[in-house]
Amino acid sequence: MDVILSNLSLGLQVALQPINIFWVTLGGLLGTIIGMLPGLGPATGVAVLLPLTFTMGPVGALITMAGVYYGAMFGGSRSSILINTPGDGAAIAATFDGYPLAMKGRAEAALAISAIASFIGGMISTIVMIFTAVPVARFAIKFGPAEYFLLMVFALSATAAMAKTNVVKGFISLFLGLMVSTVGLDAQSGVSRFTFGILELQGGIDFLIIILGIYALGEVFKSFRMIHEGSRKVQTKFGPIWITKEDWKRCWLPILRSTPLGFFVGVLPGAGGTMAALMAYNNEKNLSKKPEEFGKGAIEGLAAPEAANNAASVGALIPMMTLGIPGSGTTAVMMGALLMLGLQPGPLLFEKHPDIAWGMIASMIIGNIVCIIINMPLAKMLVRVLAIPARYLFPIVLGLAFIGTYAINNSVADLFIMIIFGLIGLFMEKADIPTSPMILAGIVGGMMEQSFRQARLISGGDWSIFWGSPICITLIVLTVASITWPILKEIKRKKAGS
Amino acid sequence: MTINVITGILSLMIGLGYSYMAWTLPRATVGNPIAPSIFPLILGVGMTIMGIILLIQEKSQASKHEGKTVSFTLTQYGKSIAQVTLFCVLYAFFFERAGYLLSTFLFLVMVLYMFNGKERWKSILGISLGFSVGVYILFGEVLNIQLPRMPFLGL
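How each quantity is defined
- Residues numbered from 1 in each chain as written.
- Chains lettered and ligands numbered in written order.
- Predicted model: local features only at pLDDT ≥ 70, side-chain atom pairs only at ≥ 80, totals over all residues.
- Helix = DSSP H or I, 4+ residues; strand = E, 2+ residues; numbered from the N terminus.
- Rg over C-alpha atoms; globule rule 2.2 N^0.38 Å.
- Buried ≥ 20, exposed ≤ 12 C-beta atoms within 10 Å, placed from the backbone.
- Contact = placed C-beta atoms within 7 Å.
- Domains from an automatic or database assignment.
- Axes fitted to C-alpha atoms, helices over the stretch in contact; angles between N-to-C directions.
- Parallel < 35°, antiparallel > 145°, perpendicular 65-115°, else oblique.
- Left-handed = near helix turned anticlockwise from the far one by under 90°.
- Nonpolar A, V, L, I, M, F, W, Y, C, P; charged D, E, K, R; others polar.
- Expected span 1.5 Å × (residues − 1).
- Arc of directions from axis to C-beta.
- Core = buried A, V, L, I, M, F, W, Y, C linked by C-beta atoms within 7 Å.

## Points about the overall build of chain A
Consideration 1: For chain A, the helix and strand inventory stands at 21 helices and 2 strands.
Consideration 2: Its C-alpha atoms give chain A a radius of gyration of 22 Å, within 12% of the compact-globule value 23 Å for 498 residues.
Consideration 3: With the C-alpha coordinates of chain A rotated into their principal frame, the extents come out at 70 × 60 × 45 Å.
Consideration 4: A total of 498 residues make up chain A; the buried ones form 61% of that total.
Consideration 5: A separation threshold of at least 6 residues defines the contact pool for chain A, and within that pool the share at least 24 residues apart is 79%.

## Comments concerning the overall build of chain B
Consideration 1: Scanning chain B for helices and strands turns up 5 helices and 0 strands.
Consideration 2: When the helices and strands of chain B are listed from N to C terminus, the series reads α-α-α-α-α.
Consideration 3: With respect to the three principal axes, the spread of C-alpha positions in chain B is 60 × 55 × 25 Å.
Consideration 4: Within chain B, the proportion of its 155 residues that are buried is 28%.
Consideration 5: For chain B, contacts bridging at least 24 residues in sequence account for 61% of all contacts bridging at least 6.

## Focus: the domain arrangement of chain B
Consideration 1: Splitting chain B by domain gives domain 1 (3-64) and domain 2 (76-142).
Consideration 2: Using C-alpha coordinates to define each centre, domain 1 of chain B is positioned 39 Å away from domain 2 of chain B.

## Structural notes on the environment of A:Ile255
All names here are of chain A.
Consideration 1: With respect to the secondary-structure elements, Ile255 resides in helix H10 (residues 245-267).
Consideration 2: Given 26 C-beta atoms within 10 Å, Ile255 falls into the buried group.
Consideration 3: Linking Ile255 and Glu284, residues 29 residues apart in sequence, is a C-alpha distance of 9.7 Å.
Consideration 4: Residue contacts for Ile255: discarding those within four places in its chain leaves Ala117, Ile120, Gly121, Ala303, Ala304 and Ala307.

## Details of the packing of helix H14 (residues 329-340) of chain A against helix H20 (residues 436-458) of chain A
Residue and element names in this part refer to chain A.
Consideration 1: Relative to each other, H14 and H20 sit at 25 degrees, their axes nearing to 9 Å. Viewed along their axes, H14 and H20 adopt a mutual orientation that is roughly parallel. Seen along the crossing, H14 lies across H20 with a hand that is left-handed. Contact residues: Gly329, Ala332, Met335 and Gly336 in H14; Ser436, Ile439, Leu440 and Ile443 in H20.
Consideration 2: Class assignment for the residues of the contact of H14 with H20 results in 5 nonpolar, 3 polar and no charged.

## As for the packing of helix H8 (residues 167-181) of chain A against H20(A)
Two measures define how a pair of helices packs: the angle their axes make with one another and the distance between the axes.
Residues and elements named next belong to chain A.
Consideration 1: H20 packs onto H8 with a crossing angle of 35 degrees between their chain directions and a minimal axis gap of 7 Å. Regarding H8 and H20, the two cross each other, and that crossing is right-handed. Residues Gly170, Ser173, Leu174, Leu176, Gly177, Leu178, Val180 and Ser181 of H8 lie in contact with H20, whose contacting residues are Pro437, Met438, Ile439, Leu440, Ala441, Gly442, Gly445 and Gly446.
Consideration 2: Considering only residue class, the contact of H8 with H20 consists of 9 nonpolar, 7 polar and no charged.

## Topic: the interface of chain A and chain B
Consideration 1: Contact residues are listed per partner, giving 43 residues for chain A and 45 residues for chain B.
Consideration 2: Contributing elements (two or more residues each) for the side of chain A that touches chain B: H8, helix H18 (390-409), helix H19 (412-430) and H20 of chain A.
Consideration 3: Looking at the side of chain A that touches chain B, the element that brings in the most residues is H18(A), giving 10 residues.
Consideration 4: For the side of chain A that touches chain B, the class distribution of residues is 30 nonpolar, 6 polar and 7 charged.

## Details of unusual backbone geometry
Consideration 1: At A:Phe194, a residue that is not glycine, the phi angle is positive and equals roughly 55 degrees.
Consideration 2: One non-glycine residue with positive phi stands out, namely A:Asn410, at about 50 degrees.

## What about helix H5 (residues 121-142) of chain B?
Consideration 1: Look at H5(B): 30 Å from first C-alpha to last across 22 residues, which is about the 32 Å you get at 1.5 Å a residue.
Consideration 2: Here H5(B) has its buried residues at B:Ile124, B:Ser128, B:Phe131, B:Ser132, B:Val135, B:Tyr136 and B:Phe139. Angularly, the buried residues of H5(B) cover 110 degrees about the axis, an arc narrow enough to put them on a single face. Residues B:Lys122, B:Gly126, B:Gly134, B:Ile137, B:Glu141 and B:Val142 are exposed on H5(B) and point more than 90 degrees away from its buried face.
Consideration 3: Buried-residue contacts for H5(B) involve H18 of chain A together with helix H4 (100-116) of chain B.
Consideration 4: One or two positions beyond H5(B), positive phi appears at B:Asn144, with a value near 55 degrees.

## Observations regarding the nonpolar core
Consideration 1: Judged by nonpolar contacts, the single largest core of 209 residues is most densely connected at A:Val46, A:Ala47, A:Ile113 and A:Ile211.
Consideration 2: Two domains each put at least three residues into this core: domain 1 (3-64) and domain 2 (76-142) of chain B.
Consideration 3: Those residues within four positions of A:Ile211 in sequence are excluded, and the remaining contacts are A:Ala43, A:Ala47, A:Val333, A:Gly336 and A:Ile439.

## Concerning the environment of A:Val480
Consideration 1: For A:Val480, the position within the fold is in helix H21 (residues 470-497).
Consideration 2: By the C-beta count within 10 Å, which is 12 here, A:Val480 ends up exposed.

Structure representation (structure tokens):
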């Protein structure tokens, strides 16, 4: 307890420095705007804005990125409510009741409750994170390379098995990502692998370029369908953005119920904000005495998924920061940002760089407060960006993707690699192949192979090291269960259908 | 042919090709000579198996009902993608050769023109100029990252 409090006060000392408050505010503001714009989610936002943080130093950069991550989660539902288009995947559930509320002339209450629910969900989860991060990291420190390898296998296969359409496609995406991670000079033997004799590939393919290609370029490509739409009509005149006592009475319990649900779903690999929000929504609908009001502007139907979504986004940071294993596309990008700054997330991060790890956690508290200010009193101003037509917006995003990619290594070859991945992303969308397993695999692939080889080195090439400890066996069981579970469910569903 | 069949065949080809390349990698001179190949081989075999499973799945599905087949006619959407991709490749090609300012300005003018047409030429020029100059100054002056200069004028 004392340790946690002293850690937290160290973190707060860092986070409360004026310059860091400035960074988290800037990040929250940019994140909210990016989150609002349809087609641009937190992953794209962090990836595109990353080059701006290169000169800030690791603490400032990380705090800014956390602000962007956070702001995007708040912002995503603004557009769900006002124009019935989710700003990111996790905000889909906010369209179900948020938009009907706005249609009824209650846009102010909808905007307010979504910000309040996001705030409460995020705040409670951050406090839980403060108390759980160190124990998880301490436990993970006991992991040997074999355990670590299996942990990554579990996280990745759980993500792949979550694929909505087809588990096999999830795994195709996964293997593709791992294959990409093997390109380049092998650090241990000096053997050049899969470079096709191209000099620029010797250093490997930077996963940030993959992310920018898939998310920024790919998203823009996907969105061309709606680019010819005219400008949207957005409500810009609002009364005070606040809720009534009656609203609060209906919402406080759903918010408190959905927060732990969202947090837990967020910690699990593969599941993320979208799933957390949808689960919370269905859960509330089932519990409600008036389920028929859901979908027609029930305010608790907006509050619950919003709380769950923000709780999940905090929960998802735990495996990324303590184990070095991201569980979603967005946390993968956050991890990419950390690695870019020369910080290896994982159990040792809290020991080696407590100021950075705790500074980031403390800045999430500040970020939460900043974001609720941005999203309530200032919301009236910010929602005007929704009026920017897609035909102006997307070319600008393209421009940002290019400069972001170039700034990573100052290399033109990277620009071509990004274009290739943009097209791969487009094909994957056409073929219904999920992209997040590939992104996760691309980012942990290198570490995964390293653990694999270390384990075999320790055992002298004996494969039994991979099932030689209770932790290993537990992880194998979890992996098998995570793969077979959705398959069994699918079979059951088909049987029921036929 | 359905998109799943195409995906299956592609996965199979990638899996086999990758496995072959992994197997024929030069042997390491230190430590276990095949150490650099083992992990990639697992991946290659895994990908190949996934391709085969997907093809088998499709075959059993196809007998039940017709999957959506892929047409190769170029839609308006496909044309826009092809056009923008071409612009992107040209942009990447001229990024250093023509310098950041000029290449970015021209790239944005072309892409914006594609979607906005002639009538909005004022906005097109304004956004393109504002973005390229803005980013150039932000990176050069504030972030101290020198972007490629034009070979002439030295900008």
